[in-house]
Amino acid sequence: NMHILTISNKVSQTKMNSEASDDATEYHPLVIVGGGIGGLVLALCLDQQYNQNSEHSSSKPLPIHVYESTSAYTANAGGAIGLYPNGLRVLQNLNDTAPKLLSHVREAGCDYIYRRWMRHDGLEVAVAREDELLPDLVDEAGDDDVETATTSTAADSSTTADADRRPRRGSFGMLSNRLSGRSLLSTTTSSSPRIETELQSLGIRRWKYQQVLYEACIEAGIKIHFGKRLQTAITTNDSKTVLHFKDGSKVMTSLLIGADGINSKVRNYVVNPTSDEEKQKSLEEFMPEYTGVTCLMGCANVPFMRGICFPSSATSKCHACYYPTKVPKDGVKEEEDNADKDKYEMVFQIYFPSPIERPDTWRTLTPDEAKAECQELAKKLREDGWDEQFLAPLESQSLKGVLRVGLRSREALDVWHVGGGSGGGEDGSVGVGRAVLLGDAAHPPVPYIGQGAQMAMEDAGTLSLLLGHFCPMNSDGDAAIIDLSKFQDAMEVYEKLRVPRTKTVLGSSVQLGKTQQKRADSILYNAWREFSIKAQVWAYGTLPVMRPGAAFNYNAKVEEALKELETTL
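Structural notes, computed from the coordinates. (Residues numbered from 1 in each chain as written. Predicted model: local features only at pLDDT ≥ 70, side-chain atom pairs only at ≥ 80, totals over all residues. Heavy atoms only, no water.)

## Focus: the sheet that holds strand β7 (residues 202-205)
One open sheet holds the three strands; their spatial order is β3-β7-β4, and the pairing between them is antiparallel. Whereas interior strands pair on both sides, the edge strands pair on one side only; in this sheet they are β3 (80-83) and β4 (110-111). Of the pairings in the sheet, the one linking β4 to β7 comprises two bridges and is antiparallel in character. Counted as the bridge partner of Asp111 is Leu202 from β7. (Pairing = 2+ DSSP bridges. Helix = DSSP H or I, 4+ residues; strand = E, 2+ residues; numbered from the N terminus.)

## Some details on the pairing of strand β10 (residues 241-245)
Counting buried residues in β10 gives five out of five residues, a clear majority hidden from the surface. The two faces of β10 match: Thr241, Leu243 and Phe245 on one face and Val242 and His244 on the other face are all buried. For strand β9 (residues 230-235) and β10, the ladder comprises five bridges, and the chain directions are antiparallel. Across the sheet, the residue bridging to Thr232 is His244, located in β10. Taking the residues between adjacent antiparallel strands as the criterion, β9 and β10 are bridged by five residues, where Ser239 takes a positive phi near 60 degrees. As defined by bridge partners, β10 adjoins strand β11 (residues 250-258) across four bridges and the pair is classed as antiparallel. Its bridge partner lying in β11, Leu243 is registered against Val251. (Buried < 20%, exposed > 50% of the residue type's maximum accessible area, 1.4 Å probe, protein only.)

## Some words on unusual backbone geometry
Phi at Ile113 takes a positive value of approximately 70 degrees, unusual for a residue other than glycine. Looking at the element boundaries, Ile113 is found in the loop between β4 and β5 (114-119). Among the residues examined, Ile113 registers a relative accessible area of 24% and is labelled partly exposed. In this structure, Ser239 is a non-glycine residue whose phi angle is positive, near 60 degrees. In this fold, Ser239 is placed in the loop between β9 and β10.

## Details of the sheet that holds β5
If you trace the eight strands from one edge of the open sheet to the other, you get β6-β5-β13-β14-β15-β12-β17-β16, paired in mixed fashion. Among the strands making up the open sheet, the edge pair consists of β6 (124-129) and β16 (363-364). When β5 meets strand β13 (residues 308-312), the two strands line up parallel, connected through five bridges. Its bridge partner lying in β13, Arg119 is registered against Ser312.

## Structural notes on the packing of aromatic side chains
Counted by the stated rule, this structure contains ten aromatic pairs. Between Tyr73 and Phe226 the ring centres are 4.8 Å apart and the planes differ by 85 degrees, which places this aromatic pair in the edge-to-face class. Pair noted here: Tyr73 is in the loop between β2 (65-67) and β3 and Phe226 is in the loop between β8 (223-225) and β9, with a separation of 153 residues, a long-range link. A single burial state applies to Tyr73 and to Phe226, both of which are buried. (Phe/Tyr/Trp six-rings, centres within 6.5 Å; stacked < 30°, edge-to-face > 60°.)

## Structural notes on the state of the cysteines
Working definition: the covalent bond between the sulfur atoms of two cysteines is a disulfide. In this structure the tally under the stated criterion is zero disulfides. Looking at the unpaired Cys217, the closest cysteine sulfur is the one in Cys45, lying at 9.8 Å. Overall, the relative accessible area of 0% leaves Cys217 in the buried class. (Disulfide = S-S within 2.5 Å.)

## Quick look at the side chain of Ser249
Summarising the element assignment, Ser249 is placed in the loop between β10 and β11. A relative accessible area of 7% means that Ser249 is categorised as buried. Within polar-contact distance, the side chain of Ser249 engages the side chain of Lys228 at 2.9 Å. (Polar contact = N/O pair within 3.5 Å; in protein donor to acceptor, adjacent residues only side chain to side chain.)

## A look at a nonpolar patch on the surface
A surface patch of nonpolar side chains, about 340 Å² in accessible area, is lined by Phe172, Trp538 and Tyr540. Tracing the chain through its elements places Trp538 in helix α15 (residues 523-540). (Patch = residues over 30% accessible without salt bridge, like charges linked within 9 Å, V, L, I, M, F, W, Y side chains within 5 Å. Areas by Shrake-Rupley, 256 points an atom, 1.4 Å probe, with all protein chains shown as cover. Salt bridge = Lys/Arg side-chain N within 4 Å of Asp/Glu carboxyl O.)

## Here we look at the pairing of strand β15 (residues 344-353)
Among the ten residues that make up β15, eight are buried, leaving the element largely enclosed by the rest of the structure. Both strand β14 (residues 319-326) and β15 contribute to a ladder of eight bridges, which runs antiparallel. Pairing of Ala320 across the sheet is with Ile350, part of β15.

## A look at the pattern of salt bridges
One pass over the full model with this rule turns up 22 salt bridges. A salt bridge links Lys400 to Glu345; the nearest nitrogen and oxygen atoms lie 3.5 Å apart. Separated by 55 residues along the polypeptide, Lys400 in strand β17 (residues 400-409) and Glu345 in strand β15 bring together distant segments of the chain. Residue classification places Lys400 among the partly exposed positions, given a relative accessible area of 24%. Between Asp459 and Arg498 there is a salt bridge; the shortest N-O distance is 2.6 Å. With Asp459 in helix α13 (residues 452-470) and Arg498 in helix α14 (residues 487-518), this residue pair connects regions lying 39 residues apart in the sequence. When sorted by exposure, Asp459 lands in the same class as Arg498, which is buried. Within this structure, Arg129, Asp131, Glu132 and Arg547 form a network of salt bridges that share partners.

Spelled out as structure tokens, the structure:
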């Protein structure tokens, strides 16, 4: 059983770690601002690189400090997310720092199994097996019988049965494999390697995932400081950075890592590093642009279809995403019985145009607010012809965790770091405190392809590997320090790998979101889009736009980049 801490225990434990001295500025060699998914995953990756890696010579562990703006992690907050193979691979590689992390995450979530595209009236357009997003597995024995999966039952739809009978990588993939003499192994067979089934996509409540990461951090000795909202970051004349928090406390660091989201204050510092505190404060209230789309998300205990489902309206610009997750029960081991629907909950994320953003758009609704707003939305959707299976969660008495989110956009950066001879800012390249961004702070996503959190996790895995390679840890008396003399080299490789990658994947998300909205603008376009989805799934096994995100191996890309760098030296 996974040990689960109570919220009260978490607060009391972390308060001891978050006490700042009133009369002195603490110093830490490395500081992470932002204790969301990206920040916590990065902390674990850095612990593995510096404290679990025998190649580093220091006998003292590197202290890793994470500063989070909220007062505590709370249950039933923050909606839910999908985790895909490329993000799960980062957790899989944390086998020294947190060997049970991936299994704990899988226990807290629910495998997708299928990916469904549907009309709002309940008609299935196409169904794909979710294991199509996994990397190719070649059957060395050449047994052609393992190309297809057998997971559907008599109660499943005909399109689900078609998905199970479809050859891996679709009809085009089967033809290519026959011509090349390869046989691709399906991940649903008993002969599949366990290492790959661990990477099957899953749905999980955001707070539950964050809790599992938090517990892994505490077990690894990582210090989490709550109630620390960054106000400004000010460079010193000795290449360090002083962080000023809104509670009046200060921290100094040699390496600042910003994982503080779309409203990142560390981003302000990276774009304009300065020793002028008033100038930094003037950048504080930047507000990303509202996109004109609002999302209502939540969950309820209702019967569910196995897998992730994308209904889209042919008569209005409203579209949605539904997927199951496990019901979180602290300290209780869930039985692996999919027939018991009470142990699962259906997550809904419904997107609709709202030209004028409400001032309170981004927040968790009270139970009464959630009930009223969801019932009002259900009424509108029913009038628009939406099938009752999509309205059931909105009208359920078990409705919980309802969040209203106004989708915002902010330009992605081409340069994610400052300091170490990088140039930038009025203070020049010499003497500027080193800082680097990851996740939404560097490349805010739109949530149409499910890759926002995965990109942050890939960033974390990549950044930790490169810092471990270029910036080794040494001892300075009784303390561990990081040799940052080659920080600039690490950042050049980091940005070379991550900037194009995130632009490609998140650019695909933007385009996918636009097609969802355009389907209501034209009957002909909607008909063409449905035909296109069917054709692509038949030919390739799933929509090809999904594969570049999910099948990516960040670790292999770092190794390739470092080998290429060695050959040029």
